[in-house]
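Commentary on secondary and tertiary structure
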Amino acid sequence: MLGNFTYHNPCAVHFGPDALDCLAPELANYGKNVVLIYGGGSIKKSGLYDKIVAIIESSGKTLTEIPGVMSNPTVEKLREGVEIARNANADLLLAVGGGSVIDYSKAVSISVHCDDDPWEKYYKRFEDVDDDLQIVPVGNVLTMSGTGSEMNGGSVITSHSEKLKIGHTFGWRVIPKFSIVNPEYTFTVPDYQVRAGMFDAFNHITEQYFSGSDDSTSDYIAEGLMRSLVHSSRIVMKNPTDYEARSNVSWICTWALNTFIGCGKPQDWEIHMIGQAIGGVTNATHGMTLSAVTLPYYRMVMPYGLTKFVRFAENVWDVDPTGKTDAQIAEEGMQRFEAWMDEMGAVKHVSELGLTPQMFDDVIAGTFLLDGGYKKLTPDDVRQILVESE
Ligand code: NZQ
Ligand code: ZN
């Protein structure tokens, strides 16, 4: 591991079927005013809302709510939530939901005591949180696995009017203080979202894996996580209520993006840049925006990082290298990866996401071009990837 790094993650994760028992002791660590933030109603349907409200009330807290956080949360909804949290003098933001609700809560947390417009400051100008800013702490109860938002500083916000979806990974002060992860809550997630979440997590791992050339422990950990995810995903697809497989998937998703496996490495993230740009134009499900461009992207960069693609083929997909060239081994790995994507029902064509060629210019304009991967893309490369994914 040749890079320098500081790994600092202050999130306490309470994991397992009894994890909600840890909510009351966690609430005791914060002030009186709790703002409960949730999505479009799945937590009311499942009964989780009633349980959490009962815990908040029996802890003697004052409850305010921000309901209706949509998938791919918008800038308008963010501004509305900041006002509610300000008026409530929020001491704790309790996010109950998936990545969208948790990302949104982090964005509110750094905006309540900030005079600037959060969209302009944190996303469009990409500024960091001021050192002296008071951040309202965030805790969460996770209901859907995929993004890793429960244990990281990432927050993605969308402006439909500007056709922009922008993610910002903030420092350790923005990471949730605690996270309650009961894999049983994920049993009711719609099948398409389950698959999208698992693909998202796999891609988080590959975004960190396909970069650099030094011998890095992070890459060995990444390979273990990928193998475990492929194994457990197959069980989950057959039997969505298999607790053992669901618990593995949940834990992998958390570790895929709590920044641990990126330690000491350059990182790629270009698939996420294109996927987010597609999301800004179409509002499509995040994980599927990634899968749609994954294969053309990796086939484009493969010659520049061939050694790592060979390693991926052998160590993740068990490709036998005997008598094959490196290019053949790497391509066989890609084919096995694609076969798993097919099993997963991962979207492979941007047209399935409602993206038409007339929209390509907007996607290209909204794609940040990064230089951490094996090849820095040009706008024409992005166009080629979109055309190949059509
Ligand atoms: O809104 P509700 O009614 O809760 O329904 C949600 C939503 O419709 C539903 N759902 C969640 N848990 C459920 C459930 N339905 C039934 N039972 C449950 N237990 O699932 C739908 C999708 O939820 P959402 O939170 O939107 O999905 P996800 O967790 O994939 O989050 C996506 C957002 O996270 C961002 C994405 O860009 C996107 O905006 N990301 C955040 C990252 C981070 N913080 O580091 C990294 C990721 O790369 C990603 O960009
Ligand atoms: Zn993602």
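Every value quoted in this text rests on a predicted model; they were computed, and no experiment measured them.

The next thing to look at is the domain arrangement of the protein chain. Considered domain by domain, the protein chain is made up of domain 1 (12-186) and domain 2 (191-388). Relative placement of domain 1 and domain 2: their C-alpha centres are 27 Å apart. Of the residues lining the interface, 26 residues belong to domain 1; the matching set on domain 2 comes to 24 residues. Taken together, both faces of the contact between domain 1 and domain 2 bury some 2200 Å²; the carbon and sulfur share is 58%. When the buried surface of domain 1 facing domain 2 is broken down by residue, Met151, Lys163 and Lys165 rank first, second and third, together holding 25% of it. The tally of links between domain 1 and domain 2 comes to 1 salt bridge. Notably, a salt bridge pairs Asp362 with Lys163, separated by 3.2 Å at the nearest N-O pair.

Further remarks concern the site of ligand 1. By nearness alone, 30 residues border ligand 1, and Gly40, Ser42, Ser71, Gly99 and Ser100 come closest of all. Within the backbone of Gly40, an N or O atom sits 2.7 Å from an oxygen atom of ligand 1. Between ligand 1 and the protein, one listed contact pairs a nitrogen atom with a backbone N or O atom of Tyr185 at 2.9 Å. Its free accessible area being 960 Å², ligand 1 has 88% of it covered by the protein chains.

At their nearest, the axes of helix α8 (residues 217-238) and helix α13 (residues 326-344) sit 10 Å apart, and the two run at 25 degrees to each other. By the angle between their axes, α8 is roughly parallel relative to α13. Here α8 runs over α13; the crossing is left-handed. Seen from α8, the contacting residues are Val230, Ser233, Arg234 and Met237; seen from α13, they are Trp340, Glu343 and Met344. For the contact of α8 with α13, a count of residues per class yields 4 nonpolar, 1 polar and 2 charged.

Most peptide bonds take the trans configuration, and most residues that are not glycine carry a negative phi. Positive phi values are uncommon outside glycine, yet Asn89 reaches one of about 50 degrees. If you trace the backbone, Asn89 turns up in the loop between α4 (75-87) and β4 (92-97). The class for Asn89 is exposed, based on a relative accessible area of 54%. Its identity as a non-glycine residue notwithstanding, Trp269 has a phi of 70 degrees, on the positive side. By secondary structure assignment, the location of Trp269 is in the loop between α9 (243-256) and α10 (270-282). You can call Trp269 buried: its relative accessible area is 17%.

Within the protein, Asp200 (OD), His204 (NE2), His272 (NE2) and His286 (NE2) serve as the donor atoms for the zinc ion (ligand 2), at 2.0 to 2.2 Å. Going along the chain, you hit the donors of the zinc ion (ligand 2) in the pattern D-x3-H-x67-H-x13-H. Remark: His286 occurs in helix α11 (residues 286-301) and Asp200 occurs in helix α7 (residues 191-209); sequence separation between them is 86 residues. With respect to class, Asp200 is no different from His286; both count as buried.

With that out of the way, let us pick up the nonpolar core. Within soluble globular proteins, side chains that are nonpolar tend to cluster in buried spots. Among the nonpolar cores identified, the biggest contains 66 residues, and Phe312, Phe337 and Leu386 are the most heavily contacted of them. Considering every element that reaches this core, the biggest residue donor is α11, with 9 residues. When near neighbours in sequence (up to four residues on either side) are disregarded, Phe337 contacts Phe199, Phe202, Thr294, Leu295, Tyr298, Phe312 and Trp317. Of all hydrophobic cores here, the second largest spans 34 residues; its members include Leu78, Ala85, Tyr123 and Ile135.

Criteria and thresholds
- Residues numbered from 1 in each chain as written.
- Chains lettered and ligands numbered in written order.
- Predicted model: local features only at pLDDT ≥ 70, side-chain atom pairs only at ≥ 80, totals over all residues.
- Heavy atoms only, no water.
- Domains from an automatic or database assignment.
- Contact = heavy atoms within 4.5 Å.
- Buried area = accessible area lost by both parts, 1.4 Å probe.
- Salt bridge = Lys/Arg side-chain N within 4 Å of Asp/Glu carboxyl O.
- Near = heavy atom within 4 Å.
- Polar contact = N/O pair within 3.5 Å; in protein donor to acceptor, adjacent residues only side chain to side chain.
- Areas by Shrake-Rupley, 256 points an atom, 1.4 Å probe, with all protein chains shown as cover.
- Axes fitted to C-alpha atoms, helices over the stretch in contact; angles between N-to-C directions.
- Helix = DSSP H or I, 4+ residues; strand = E, 2+ residues; numbered from the N terminus.
- Parallel < 35°, antiparallel > 145°, perpendicular 65-115°, else oblique.
- Left-handed = near helix turned anticlockwise from the far one by under 90°.
- Nonpolar A, V, L, I, M, F, W, Y, C, P; charged D, E, K, R; others polar.
- Buried < 20%, exposed > 50% of the residue type's maximum accessible area, 1.4 Å probe, protein only.
- Donors = N, O, S within 2.8 Å, 3.2 Å for Na, K, Ca; no water.
- Core = buried A, V, L, I, M, F, W, Y, C linked by side-chain atoms within 4.5 Å.

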